[in-house]
Amino acid sequence: MFSVSKFWATFFYVGLLRPAPGTWGSAAAVLAAWGIIEWRGALALAVLTGIMFVLGWYVTALETKGKADHDPSEIVIDEVVGQWIALLPVAVGLSHTGASFWTLWPGVLTAFIAFRLFDITKPGPVGWADRKEGPLGVMLDDVIAGVLAALVVILGVWVSHG
C-alpha cells in the first residue's frame, strides 16, 4: 500500500536499496541537487533544503511512531538534507561562475565524501545529535554532518586558491 510519508522518508524509495541505504540516499541527493541547481540555482537549493528539513522531521515522526527503532536505515530524507547542506558551497560557487554543476566536480566529490565520513563516523557534535531520541535527532545529526562537510568544501577551495 502506498504511503506518502514512506515515499518521502525513503526519498522516492531510494532508502530501500541495499547495501548502504544512507550512501544511496546521499547519491540520490547529489543528483537531485544537480537538477535543482540547474533549474533554479543556489537559492532554490537552500530554500528546498529548509523545506525538506521540516518535511523530513514530520515524515520521520510518522514513520517511527510506536516503533522501537527511532532511526531505521531506510529513512534517508535526513541524508538528503545533510548532503544538500554539504553541497551549498558548490551551488554558491556555481552561481558566481556561471559554470555547470559537474564543472566543479572536485567540490561535489568532496562534499559527498566528507558528508558520508561525518555521517558514518559521527564525530563530536554529530554523535551528540545522533544520540537524541526522536525525529529531531534523526534529522539533526545529518544537518551537523552537512555543515561540517560544507566547511571542508570551503576549506578545500581556500587551500586550492591560496
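Just so you know, these numbers come straight off a predicted model, no measurement behind them. (Residues numbered from 1 in each chain as written. Predicted model: local features only at pLDDT ≥ 70, side-chain atom pairs only at ≥ 80, totals over all residues. Heavy atoms only, no water.)

Asker: Help me get a handle on unusual backbone geometry, residues and values and all.
Answerer: Note the cis peptide between Arg-18 and Pro-19, where omega equals -5 degrees. Tracing the backbone shows Pro-19 in the loop between helix H1 (4–9) and helix H2 (21–40). Here the phi dihedral of Lys-122 falls at roughly 50 degrees; this positive angle occurs in a residue that is not glycine. Tracing the backbone through its elements, the reader meets Lys-122 in the loop between helix H5 (105–121) and helix H6 (124–130). (Helix = DSSP H or I, 4+ residues; strand = E, 2+ residues; numbered from the N terminus.)

Asker: Can you lay out the side chain of Thr-49 for me, pointing to particular residues and giving the numbers?
Answerer: Along the chain, Thr-49 turns up in helix H3 (residues 42–64). Residue class for Thr-49 comes out buried when judged on its relative accessible area of 6%. Looking at Thr-49, its side chain comes within polar contact range of the main-chain oxygen of Leu-45, at 2.6 Å. Ignoring anything within four residues of it in the chain, the contact list for Thr-49 reads Val-81, Trp-84 and Ile-85. (Buried < 20%, exposed > 50% of the residue type's maximum accessible area, 1.4 Å probe, protein only. Polar contact = N/O pair within 3.5 Å; in protein donor to acceptor, adjacent residues only side chain to side chain. Contact = heavy atoms within 4.5 Å.)

Asker: Tell me what's going on with the nonpolar core, and back it up with residues and numbers.
Answerer: In terms of nonpolar packing, the biggest core is built from 40 residues, with Phe-11, Leu-45, Met-52, Trp-84 and Leu-87 touching the most fellow members. Counting only elements with at least two residues in this core, the list comes to H2, H3, helix H4 (77–97), H5, H6 and helix H7 (135–160). If we skip the residues at most four places from it in the chain, Phe-11 touches Ala-28, Ala-29, Ala-32, Met-52, Val-76, Val-80 and Trp-84. (Core = buried A, V, L, I, M, F, W, Y, C linked by side-chain atoms within 4.5 Å.)

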